[in-house]
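Coordinate analysis (summary)
Here are the chains, one letter per residue:
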Amino acid sequence: MSNTDFALAVEDLTVSFDGFKAIDALTLYIDKNELRVIIGPNGAGKTTLLDLICGKTKASAGSIKFKNEELTKLAEHTRVRRGIGRKFQTPSIYENLTVFQNLEVSFPKGRSVLGALFFKCSDEVKARVQVVAEEVGLAEMLAMEAGLLSHGQKQWLEIGMLLMQEPELLMLDEPIAGMSARERELTAELLKRICANRAVIVIEHDMDFVKQIAHKVTVMHQGKILAEGSMEKVQNDPKVIDVYLGH
Ligand SMILES: Nc1ncnc2c1ncn2[C@@H]1O[C@H](COP(=O)(O)OP(=O)(O)OP(=O)(O)O)[C@@H](O)[C@H]1O
């Protein structure tokens, strides 16, 4: 396919595990600044799709283009440098470091030689930490040890750590699992804010949350796309009700 304006263009993507196609000739396009939610029953292939995009799993066939660059041959860390951020379900923060330090160590040091030499004390890093801490609602907690944060705050810190790298595509796997109602509300607001500057893909099972945040919803089933469109459209799709929402 020729150049596109999509942030992400996935075409005919397939991955087989011992002959079983967890992702089966899947095609998906994500716009810049789009917040896409992927839903679907257990085992549909949602996590595997994100694994393929970030490079954790290697595709058997097909194409993944990020800003028109083919990703399938690039290593996972190279994709991170290209601007792809991925948050897994369990937070991987440094519990013994402060919130500030967690954000500071996430600043992409390798971007320039100067950055590598001076990153620790640079005003640029401090300024960036401040901006990100405000964005994720942790500006008042910079001096706190991360292990003392609530579950929700830990999730926001990890999102902040990803934002330090200014990703142009951010992928989140069930970001509100285990959160309180108030934390869910704040997370919805946070996700709406951060997609102003990047594309965001969220895997989610909580339909109330999906309704709040999704620009568009993709419903996966057996490694393929079953339906795609507005929440209203997919919610009323008999195929979707049959395999997922009706259960
Ligand atoms: N590394 C692997 N080796 C073999 N099979 C795998 C591997 N990774 C995933 N699968 C299989 O691929 C299918 C899709 O799994 P995946 O975790 O992507 O589904 P999911 O939609 O994310 O489900 P859930 O909502 O339960 O997280 C499942 O049948 C799973 O067992």
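Only a predicted model underlies this, so the values are computations on that prediction, with no experimental measurement involved.

Topic: the domain arrangement of the protein chain
One frequent convention defines the size of an interface as the accessible area lost when the parts assemble. Under the domain assignment used here, the protein chain contains domain 1 (1–83 + 167–247) and domain 2 (92–159). At the interface, twelve residues of domain 1 touch nine residues of domain 2. Note on domain 1 versus domain 2: buried area summed over both sides is about 900 Å², and carbon and sulfur give 62% of it. Here domain 1 is connected to domain 2 by zero salt bridges. Linking domain 1 with domain 2 are five residue pairs in polar contact (both at pLDDT 80 or more). Among the secondary structure elements, those contributing two or more residues to the side of domain 1 that touches domain 2 are β7 (169–173) and α7 (181–194). Here the side of domain 1 that touches domain 2 is composed, by residue class, of eight nonpolar, two polar and two charged.

Remarks on the pattern of salt bridges
Scanning the model with the defined rule gives twelve salt bridges in all. Between Glu69 and Arg82 there is a salt bridge, with its nearest N and O atoms 2.8 Å apart. With a gap of 13 residues between them, Glu69 in strand β5 (residues 69–70) and Arg82 in helix α2 (residues 76–82) connect regions that are remote in the sequence. Between Lys154 and Glu95 there is a salt bridge whose closest N-O contact spans 3.5 Å. Placement of Lys154 in helix α6 (residues 151–163) and of Glu95 in the loop between β6 (84–87) and α3 (99–105) is noted, with a sequence separation of 59 residues between them. The class for Lys154 is buried, based on a relative accessible area of 15%. One salt-bridge network, held together by shared partners, links Glu34, Arg36 and Glu228.

Thresholds applied
- Residues numbered from 1 in each chain as written.
- Predicted model: local features only at pLDDT ≥ 70, side-chain atom pairs only at ≥ 80, totals over all residues.
- Heavy atoms only, no water.
- Domains from an automatic or database assignment.
- Contact = heavy atoms within 4.5 Å.
- Buried area = accessible area lost by both parts, 1.4 Å probe.
- Salt bridge = Lys/Arg side-chain N within 4 Å of Asp/Glu carboxyl O.
- Polar contact = N/O pair within 3.5 Å; in protein donor to acceptor, adjacent residues only side chain to side chain.
- Helix = DSSP H or I, 4+ residues; strand = E, 2+ residues; numbered from the N terminus.
- Nonpolar A, V, L, I, M, F, W, Y, C, P; charged D, E, K, R; others polar.
- Buried < 20%, exposed > 50% of the residue type's maximum accessible area, 1.4 Å probe, protein only.

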